[in-house]
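# Chains, contacts and geometry: an overview
Single-letter residue listing:
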Amino acid sequence: MSAELTELYQQVILDHNRRPRNRGKLPTANRVAHGDNPSCGDQCSVYLRLDGDRIADISFDGSGCAISQASASLMTTQLKGKTAAEAEALFRSFHEIVTTGREPEEISDIAAFAGVHAFPARIKCATLGWHAALNALKGEAAPATTESHTD
Amino acid sequence: MSAELTELYQQVILDHNRRPRNRGKLPTANRVAHGDNPSCGDQCSVYLRLDGDRIADISFDGSGCAISQASASLMTTQLKGKTAAEAEALFRSFHEIVTTGREPEEISDIAAFAGVHAFPARIKCATLGWHAALNALKGEAAPATTESHTD
Amino acid sequence: MPTWENVRADFPVLHQQVNGKPLVYLDNGATTQKPRAVIDALVRYYERDNSNVHRGLHALSMRATDAYEGARARVAKFIGAADPAEVIFTRGTTESINVVARSYAARLKAGDVILTTEMEHHSNLVPWQQAARASGATLRYVPVLGANAEGGLDLAALDRLLTPQVKVFAFTHISNTLATINPVAELCRRARAVGAVTVIDAAQSVGHTPLDVAALDCDFLAFSGHKMCGPTGIGVLYGRRALLDQLAPTETGGGMVVSVDFEGARWKPAPERFEAGTPNVADAIGLGVACDYLDALGRARIGQHDHRLAQLAYARLAELPGIRIIGPAGERGGLVSFAFEGVHAHDVVTFADEDGVALRGGHHCNQPLMRKLGLTSTTRASFYLYNTPEEIDVLVASLRRTLKFFQG
Amino acid sequence: MPTWENVRADFPVLHQQVNGKPLVYLDNGATTQKPRAVIDALVRYYERDNSNVHRGLHALSMRATDAYEGARARVAKFIGAADPAEVIFTRGTTESINVVARSYAARLKAGDVILTTEMEHHSNLVPWQQAARASGATLRYVPVLGANAEGGLDLAALDRLLTPQVKVFAFTHISNTLATINPVAELCRRARAVGAVTVIDAAQSVGHTPLDVAALDCDFLAFSGHKMCGPTGIGVLYGRRALLDQLAPTETGGGMVVSVDFEGARWKPAPERFEAGTPNVADAIGLGVACDYLDALGRARIGQHDHRLAQLAYARLAELPGIRIIGPAGERGGLVSFAFEGVHAHDVVTFADEDGVALRGGHHCNQPLMRKLGLTSTTRASFYLYNTPEEIDVLVASLRRTLKFFQG
Ligand SMILES: Cc1ncc(COP(=O)(O)O)c(C=O)c1O
Ligand SMILES: Cc1ncc(COP(=O)(O)O)c(C=O)c1O
């Protein structure tokens, strides 16, 4: 297997893909948003329980490739307990990682997604869940679609 | 001037172009039809006075290239006095001449149009007046257009 | 003249490495590759004859017009249309179907029914949804049978659905997702019995099997050049002459008018009526050469070749653990669509690409059908005349490696 | 990198004899010739990268997608559009205008006014007649001044015509018959003041003069690749992003939907929303390369070159007996349209062709304007970057010979 492919499918990603965290509907959710990637049919719903400005709880549901599922799973573990502003900052780091391959200074699991940058067509997979989460935070009713984003 | 071009613009044609015969509206006409060549804007109206089945008088009017004007002019001289069936037979000969370049066995002025066959794009010019005349004979109200004919 | 022995040599694109491995191009359902003869035709046109058509009297314009109209006649022969005027050049299947659907949208009314099937590509589905919405007509679907859609169209249901209210019946010839070959002549016959106009989506068939519109006795037929060895950007709408002359053009402008004044315009008859503006001259000419190429090899032979590869692939893939193959098991077009338990089509395609194998993963513009089958995506391997049994070995080895990685 | 010194060497088609004489191609208003770089880009695409775009994850598909979207970004830069999503690929100017006209037909109502001008090409005229008919809106024309249309648009009349009822104002940048250069920035400014949306037909300008949609501040702009050194079958509709996202797509099918079920579909945003079906990938890439070619030479310089040739031709032609030249005498685009007393344009063109000179004769898809001028046809000589003053000598000599033959 090539170095690029190994990078893409890192252990962290495979693990989240096999045993997704926080998967399924969140009964206590007070926000939900749906995202889909029309190019390939990937879908992702994100459920939030917002406590004031803070994400008290979060889950996701959907179907898609290993990258999209692992990314959504990992995202839920990262966003739990964060404020909206912190979540947006985290997404900016994540976006930087998947588009440039540059790993962040602080050690973080999201660095596992650095390998995505070598596969530009998969960037949309990696960001799908994040877009849905940000939309849920903003309370946007319209479903997120990767087509309306530039990545 | 090349042999083909000389053939195309024979003396007969130039003469009819310069001094068109039977040109203008026919006050006594009981049939009229209009033809146009949308590719180039050539227009031709043909006026007939039908006496039973016979063309008692005929004229044309319009604008177009030397080929189309001369052809319409020559046509009027040929069709005067003919029956509808004779007119159709004459058109078939004319069509044969302009599409194949083969001159007919009987000596006739219409043979002057044999040169047209070397310029396929001009066949429509040569037949415009004829199509209008045949439509007038048939009493068709719709304007003839060279586009609905295969030549 | 192409020969079967040399066929791969005719396609420059095949002779390259992808990720260090020889390219195995199995994405022919999406688009096919182009033989040298087609590429050369484009170059020749631009180097020698390029000019605007129709309205020109100079040498280049006459040459370009002859070549363009010659391509139209060539395509007419390719599909068995008696009259070249029945061949309208479009951008592709999608535009062709839109032209018919938009024109019928203006003629249908509430109470009329548009009939299509559950296995249509979005391009033969969404335009009819729009036509139904615009006209007030009702859209109905002929169901597909079987948990894996292996049963094809429900012909018993068709009997009930084909009422005299049905004005248009639109269906695909070969499904781009299932590989189902529909009994199109039979469907046309039944539709005619109730007076419905038939529209065949031949995108996946015209380059893969002998096809004759006179024998099918269909009213409209749509296809794309790029799926039959031709250039991108060119396709065809065949229409029965008598119907074409009744249809309102959906696009207007230069070249399709007899006369224009400040108040309005009169249309030319078909085909010009439906070809507003400067046509895609070069690619139409390229499409004509693609017809020559395919007919020289023989479409019956191409169909056999595709079918044999699809059968072989089906048998070999069926051995893989956790695979689900959709579509008919027996007679089928030259492609195989499948899904694995626990491994997503995207990951399969990314891994195959590592091995030089080009596959397609996704919903194949067939979302409603996928949903009915409980799938969100499949992986599709689609074959054409230049593919070989050895390439199927490479495919199977690649899939095994992927499964091992994900399933452990 | 092309240079002015070598420009003719870049165009293979120019180096041929027609009827035994060197080709003098003066039919650039109809279509331009293609430089080697553009032809090579097509060949390279088909030999190396050909694949369907957007929905593919394998190497060829990713390369094709990058090249296609790269071409979109290149075209955006070429016309000064900030956002590549504002560039929609179409077949050409005619389709581009039809897309806007059809979309507005669905939004306009009785009482609304569509404004255009008396000098429009049929492609920027008939679609608006249809839109007016379909919506009940009224179509009005800005008059052209002067017996030979030398006065351009009647800007005083425009003041009266531009009422708040005007919802759309569509006009050409450079007239393909008169060579008039309209004050497009000024027209956009005036239209904006009454809230009208502007549609510029840039078919004759975009390859001939620097053009910046941001500076013009227009809402829509349409042009064809084949008139600017690009391939046939590709063109562009530029649209302001905020407007595009409101417009209903006029063609539906694969690639432009977010999701589809048996009941209906949701659209993607622009540009995909307006590009149903497999796009014309190869020719879009070719168009991108044409942009490179023209910008390397410099469109300001190209415009000067064209203008100089047109001025020279105007002066030389004006000396011919019985000639009538239409359009402005001073500032003008790179073409000259003329008619002779007693010699029809078709005969002129046939004689010129004998001398290797390619001209166009006819109504130039401008029938209402021709009728207003009391003409049925003119002969048009239209210039581009590879034409030379010597070619004008050949043209004039040929015309003299024709006149001699017919006028004696
Ligand atoms: C001013 C103008 N508008 C529109 C068109 C139509 O362009 P196309 O035929 O490429 O669609 C042309 C050229 O024919 C033109 O010159
Ligand atoms: C069955 C079928 N119909 C229609 C289409 C649409 O063809 P195009 O995208 O060339 O318009 C395709 C291919 O994508 C297809 O496979």
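Model, not experiment: these values are computed from the prediction.

About the cut-offs
- Residues numbered from 1 in each chain as written.
- Chains lettered and ligands numbered in written order.
- Predicted model: local features only at pLDDT ≥ 70, side-chain atom pairs only at ≥ 80, totals over all residues.
- Heavy atoms only, no water.
- Helix = DSSP H or I, 4+ residues; strand = E, 2+ residues; numbered from the N terminus.
- Rg over C-alpha atoms; globule rule 2.2 N^0.38 Å.
- Buried < 20%, exposed > 50% of the residue type's maximum accessible area, 1.4 Å probe, protein only.
- Contact = heavy atoms within 4.5 Å.
- Buried area = accessible area lost by both parts, 1.4 Å probe.
- Salt bridge = Lys/Arg side-chain N within 4 Å of Asp/Glu carboxyl O.
- Polar contact = N/O pair within 3.5 Å; in protein donor to acceptor, adjacent residues only side chain to side chain.
- Nonpolar A, V, L, I, M, F, W, Y, C, P; charged D, E, K, R; others polar.
- Pairing = 2+ DSSP bridges.
- Axes fitted to C-alpha atoms, helices over the stretch in contact; angles between N-to-C directions.
- Expected span 1.5 Å × (residues − 1).
- Least-squares fit on C-alpha atoms with pLDDT ≥ 70 in both.
- Near = heavy atom within 4 Å.
- Areas by Shrake-Rupley, 256 points an atom, 1.4 Å probe, with all protein chains shown as cover.
- Phe/Tyr/Trp six-rings, centres within 6.5 Å; stacked < 30°, edge-to-face > 60°.
- Lys NZ or Arg CZ within 6 Å of the ring centre and 35° of its normal.
- Parallel < 35°, antiparallel > 145°, perpendicular 65-115°, else oblique.
- Left-handed = near helix turned anticlockwise from the far one by under 90°.

Our focus in this paragraph is the overall build of chain A. Along chain A, the regular secondary structure elements total five helices and four strands. For chain A, the succession of helices and strands along the chain, N to C, is α-α-β-β-β-α-α-α-β. Radius of gyration (C-alpha) of chain A: 14 Å, near the 15 Å computed for a compact globule of 151 residues. Looking at chain A residue by residue over its 151 residues, the buried ones come to 54%.

Turning next to the interface of chain D and chain C. Taken residue by residue, the interface counts 90 residues in chain D and 90 residues in chain C. Contact between chain D and chain C buries roughly 7000 Å² in total, counting both sides, with carbon and sulfur atoms accounting for 54%. When the buried area of chain D at its contact with chain C is split by residue, Tyr46(D), Arg91(D) and Phe262(D) rank highest and sum to 12% of it. Linking chain D with chain C are six salt bridges, by the criterion used here. The shortest N-O distance in the salt bridge between Arg36(C) and Glu47(D) comes to 2.6 Å. Counting the contacts that link chain D with chain C gives 49 residue pairs in polar contact (both at pLDDT 80 or more). Looking at which element gives the most residues to the side of chain D that touches chain C, the answer is helix H1 (residues 36-49) of chain D, with eight residues. Counted by class, the side of chain D that touches chain C contains 36 nonpolar, 34 polar and 20 charged residues.

Quick look at the sheet that holds strand E18 (residues 360-362) of chain D now. Residue and element names in this part refer to chain D. Strand order in this open sheet of four strands is E15-E16-E19-E18, and the pairing throughout is antiparallel. Of all the strands in the sheet, just strand E15 (323-326) and E18 have a single pairing partner and so form its edges. Here the strands of the sheet are splayed against their neighbours by 30 degrees on average, with no regard to which way each runs. Where E18 lies against strand E19 (residues 378-382), three bridges are found, and the strand directions are antiparallel. When the sheet's bridge partners are listed, Gly-362 is paired in E19 with Thr-378.

Moving on, we come to helix H3 (residues 66-79) of chain A. Residue and element names in this part refer to chain A. The terminal C-alpha atoms of H3 lie 20 Å apart, and with 14 residues this matches the ideal 20 Å at 1.5 Å per residue to within 8%. The buried count for H3 comes to 13 of 14 residues, which makes it a mostly enclosed element. Of the residues flanking the end of H3, it is Gly-81, one or two places downstream, whose phi is positive at about 90 degrees.

This part covers the relation of the copies chain D and chain C. For the pair chain D and chain C, the relating rotation is 180 degrees, the translation along its axis is 0.0 Å, and the fit reaches an RMSD of 0.0 Å. In symmetry terms, the pair is related by a two-fold rotation axis. In terms of C-alpha distance to the rotation axis, chain D has Gly233(D) as its closest residue, with the C-alpha 3.3 Å off the axis.

This brings us to the site of ligand 2. Close to ligand 2 lie 14 residues; Thr94(C), Asp201(C), Ser224(C), Lys227(C) and Thr278(D) are nearest. In this structure, ligand 2 sits where chains C and D come together, each supplying nearby residues. At 3.5 Å from an oxygen atom of ligand 2 is found a main-chain nitrogen or oxygen belonging to Thr93(C). Contact between ligand 2 and His226(C): an oxygen atom at 2.7 Å from a side-chain N or O atom of the residue. Across the complex, the protein chains shield 96% of the 390 Å² of accessible surface that ligand 2 would expose by itself. Of the residues that constitute the shell around ligand 2, the class distribution is one nonpolar, 11 polar and two charged.

Attention now goes to the site of ligand 1. In the vicinity of ligand 1 there are 14 residues, among which Thr278(C), Thr94(D), Asp201(D), Ser224(D) and Lys227(D) approach most closely. Flanking ligand 1 are residues from chains C and D. Here Thr94(D) contributes a side-chain N or O atom positioned 2.5 Å from an oxygen atom of ligand 1. With respect to ligand 1, the side chain of Gln204(D) contributes an N or O atom lying 2.7 Å from an oxygen atom. If ligand 1 stood free it would expose 390 Å²; the protein chains cover 96% of that surface.

Residues and elements named next belong to chain C. In this fold, Ala-131 is placed in helix H4 (residues 126-135). Look at Ala-131 and you get buried, because its relative accessible area is 2%. Residues Ala-131 and Asn-98, 33 residues apart in the sequence, show an inter-C-alpha distance of 9.1 Å. Leave out the neighbours within four places in its chain, and Ala-131 touches Ala-101, Ala-105 and Ile-114.

Turning next to unusual backbone geometry. Between Ala270(C) and Pro271(C) the backbone carries a cis peptide bond, its omega angle lying at 0 degrees. Inspection of the secondary structure puts Pro271(C) in the loop between strand E14 (265-267) and helix H9 (281-297). We note that Asn19(D) has phi near 50 degrees; this positive angle belongs to a residue other than glycine. Along the chain, the position of Asn19(D) falls in the loop between strand E1 (17-18) and strand E2 (21-22).

Time to look at the interface of chain D and chain B. Between chain D and chain B, the residue contacts involve 13 residues of the former and 21 residues of the latter. In total, chain D and chain B occlude about 1400 Å² of area from one another, counting both sides; carbon and sulfur atoms represent 55% of this. The three residues of chain D that bury the most area against chain B are His346(D), Glu354(D) and Phe405(D), which together make up 34% of that side's buried surface. Taken together, the connections running from chain D to chain B amount to one salt bridge.

In the structure shown here, the tally under the stated rule is 36 aromatic pairs over all chains. Taken together, a centroid distance of 4.6 Å and an interplanar angle of 55 degrees make the contact between Phe169(C) and Phe171(C) tilted. Assigned by exposure class, Phe169(C) and Phe171(C) land together as buried. Where Phe351(D) meets Phe405(D), the ring centres are 5.1 Å apart and the plane angle is 45 degrees; that geometry is what we call tilted. Highlighted residues: Phe351(D) in helix H11 (residues 345-354) and Phe405(D) in helix H13 (residues 389-407), separated in sequence by 54 residues. A connected cluster of aromatic rings, assembled from ring pairs, spans Tyr9(A), Phe351(C), Phe405(C) and Phe406(C). Over the ring of Phe78(C) we find Arg299(C); its NZ or CZ atom is 3.4 Å from the centre of that ring.

What follows covers the pattern of salt bridges. If charged atoms from side chains of opposite charge come close, those side chains can pair. Considering all chains together, one arrives at 66 salt bridges over all chains under this definition. Salt-bridge contacts for Arg190(C) lead to Glu186(C); the nearest nitrogen and oxygen are separated by 3.0 Å. Of this pair, Arg190(C) and Glu186(C) both sit in helix H6 (residues 184-193), separated by four residues, roughly a single helical turn. For Glu186(C), a relative accessible area of 27% translates into the label partly exposed. A salt bridge links Arg240(D) to Asp217(D), with the nearest nitrogen and oxygen atoms 2.8 Å apart. Of this pair, Arg240(D) sits in the loop between strand E12 (235-239) and helix H8 (241-244) while Asp217(D) sits in the loop between helix H7 (213-216) and strand E11 (220-224); the two residues are 23 residues apart in sequence, bridging distant segments of the chain. Each of Arg74(C), Asp292(C), Asp295(C) and Arg299(C) takes part in salt bridges that share partners, so that together they form one network.

A separate point is the packing of helix H2 (residues 59-79) of chain C against H9(C). Packed helices, taken two at a time, are described by the angle their axes make and the gap between the axes. Residue and element names in this part refer to chain C. Look at H2 against H9: their axes get within 8 Å of each other, and the N-to-C directions meet at 40 degrees. Relative to H9, the element H2 lies oblique. Helix-helix and strand crossings are classified by hand; for H2 and H9 the assignment is left-handed. Where H2 abuts H9, its residues Ala-64, Ala-67, Tyr-68, Ala-71, Arg-74, Val-75 and Phe-78 lie against Val-281, Ala-284, Ile-285, Leu-287, Gly-288, Cys-291, Asp-292, Leu-294 and Asp-295. Looking at the contact of H2 with H9, its residues break down into 12 nonpolar, one polar and three charged.

Next up on the list: the packing of helix H3 (residues 66-79) of chain B against helix H5 (residues 123-138) of chain B. All names here are of chain B. It is at 7 Å that the axes of H3 and H5 come closest, and there the two elements cross at 40 degrees. When the axis of H3 is compared with that of H5, the two are oblique. The crossing of H3 and H5 is right-handed. Between H3, through Ile-67, Ser-68, Ser-71, Ala-72, Met-75 and Leu-79, and H5, the contact on the second element is made entirely by Cys-125, Ala-126, Gly-129, Trp-130 and Ala-133. Here the residues of the contact of H3 with H5 sort into eight nonpolar, three polar and no charged.

Our next topic: the sheet that holds strand E15 (residues 323-326) of chain C. All names here are of chain C. Read from one edge of the open sheet, four strands run E15-E16-E19-E18, paired in antiparallel fashion. With partners counted over all chains shown, the strands left at the sheet margins are E15 and strand E18 (360-362), one partner each. Averaged over all pairs of adjacent strands, the angle between their axes in this sheet comes to 30 degrees, without regard to strand direction. Where strand E16 (residues 335-340) lies against strand E19 (residues 378-382), four bridges are found, and the strand directions are antiparallel. Bridge assignment links Leu-335 to a residue of E19, and that residue is Ser-382. Against the sheet, helix H11 (residues 345-354) touches E16, E18 and E19, its axis set at about 165 degrees to E18.

It is worth stressing that arrangement in space is one thing and function is another; only the former is reported here.
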